[in-house]
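This is what each chain is made of:
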Amino acid sequence: MQRHGILNSHIAKVLADLGHTDTICIADCGLPVPEGVQKIDLALDFGVPSFEQVVSIIAKHMKSEAVHVAKEIKENNPKAYDFLESTFPSNQYEWIETSHEAFKEATKQCKCIIRTGEASPYANIILRADCIFSDRP
């Protein structure tokens, strides 16, 4: 039994199996999960766990090089957008902003979708794995 790190064995395995440029999605409780993409369901109740909680923990344990969001988040959920900007500064991460429809299409390539209990609009992010021996944070 490990003493540190992510305790959810499904998430820990996905992160350990990622290669450079593989993607995962952290989503609100309403984002559809495409056929064939693994869903790791953490949702217990509306808001539990929150999008911010899950993103914060994943960000500590996953080396990412890019973030992908739906451009609608900026206007419709500025709190979540501001949180993502502070967690993934644009001078350190590539930012991809597309329509929500294009975002949903991109989830078809994700290794998994981690479903949170978040119940606010467009609180979704796709993280692209970086090479663990690069010099980025």
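Conventions and cut-offs
Residues numbered from 1 in each chain as written. Predicted model: local features only at pLDDT ≥ 70, side-chain atom pairs only at ≥ 80, totals over all residues. Heavy atoms only, no water. Core = buried A, V, L, I, M, F, W, Y, C linked by side-chain atoms within 4.5 Å. Buried < 20%, exposed > 50% of the residue type's maximum accessible area, 1.4 Å probe, protein only. Helix = DSSP H or I, 4+ residues; strand = E, 2+ residues; numbered from the N terminus. Contact = heavy atoms within 4.5 Å. UniProt positions renumbered as here; feature names shortened; annotations may be inferred. Phe/Tyr/Trp six-rings, centres within 6.5 Å; stacked < 30°, edge-to-face > 60°.

## Section: the nonpolar core
Right, on to step 1. Ranked by internal contacts, the top residues of the largest apolar core, which has 30 residues, are Ile24, Ile58, Leu84, Ile114 and Ile125.
Right, on to step 2. When residues of this core are traced back to their parent elements, those giving at least two are α1 (9-17), β1 (23-27), α2 (51-61), β3 (64-70), α4 (78-87), β5 (112-115) and β6 (125-129).
Right, on to step 3. Non-local contacts of Ile24, meaning those with residues more than four positions away in its chain, are made with Val14, Leu15, Leu18, Ile58, Met62, Cys110, Lys111, Cys112, Ile114, Ile125, Ile126 and Leu127.
Right, on to step 4. Judged by nonpolar contacts, the second largest core, of nine residues, contains Ala27, Cys110, Ile113 and Ile126.

## Observations regarding the UniProt feature "active site" (unreviewed entry) in the protein
Right, on to step 1. With numbering aligned to this structure, UniProt lists the feature "active site" (unreviewed entry) at His20.
Right, on to step 2. With respect to the element layout, His20 can be found in the loop between α1 and β1.
Right, on to step 3. If near-sequence neighbours (up to four positions away) are discounted, His20 is found in contact with Glu65, Ala129, Asp130 and Cys131.

## As for unusual backbone geometry
Right, on to step 1. Residue Pro49 is reached from Val48 by a cis peptide bond, and omega for that bond is -15 degrees.
Right, on to step 2. Position of Pro49 relative to the elements: it lies in the loop between β2 (38-41) and α2.
Right, on to step 3. Its identity is not glycine, yet Thr21 carries a phi of approximately 80 degrees, on the positive side.
Right, on to step 4. Among the structural elements, Thr21 can be located in the loop between α1 and β1.
Right, on to step 5. Although it is not a glycine, Tyr122 adopts a positive phi angle of roughly 60 degrees.

## Some remarks on the environment of Val67
Right, on to step 1. Here Val67 is to be found in strand β3.
Right, on to step 2. Val67 sits 61 residues away from Arg128 along the chain, and the two C-alpha atoms are 6.4 Å apart.

## Examining the packing of aromatic side chains
Right, on to step 1. Scanning the model with the defined rule gives two aromatic pairs in all.
Right, on to step 2. A centroid spacing of 5.6 Å and a plane angle of 65 degrees characterise the contact between Tyr81 and Trp95, whose relative ring orientation is edge-to-face. Placement of the pair is Tyr81 in helix α4 and Trp95 in strand β4 (residues 94-98), with a sequence separation of 14 residues.
Right, on to step 3. On the basis of an interplanar angle of 90 degrees and a centroid distance of 5.2 Å, the ring pair of Phe88 and Tyr93 is categorised as edge-to-face. Accessibility classification places Phe88 together with Tyr93 in one group, the buried group.

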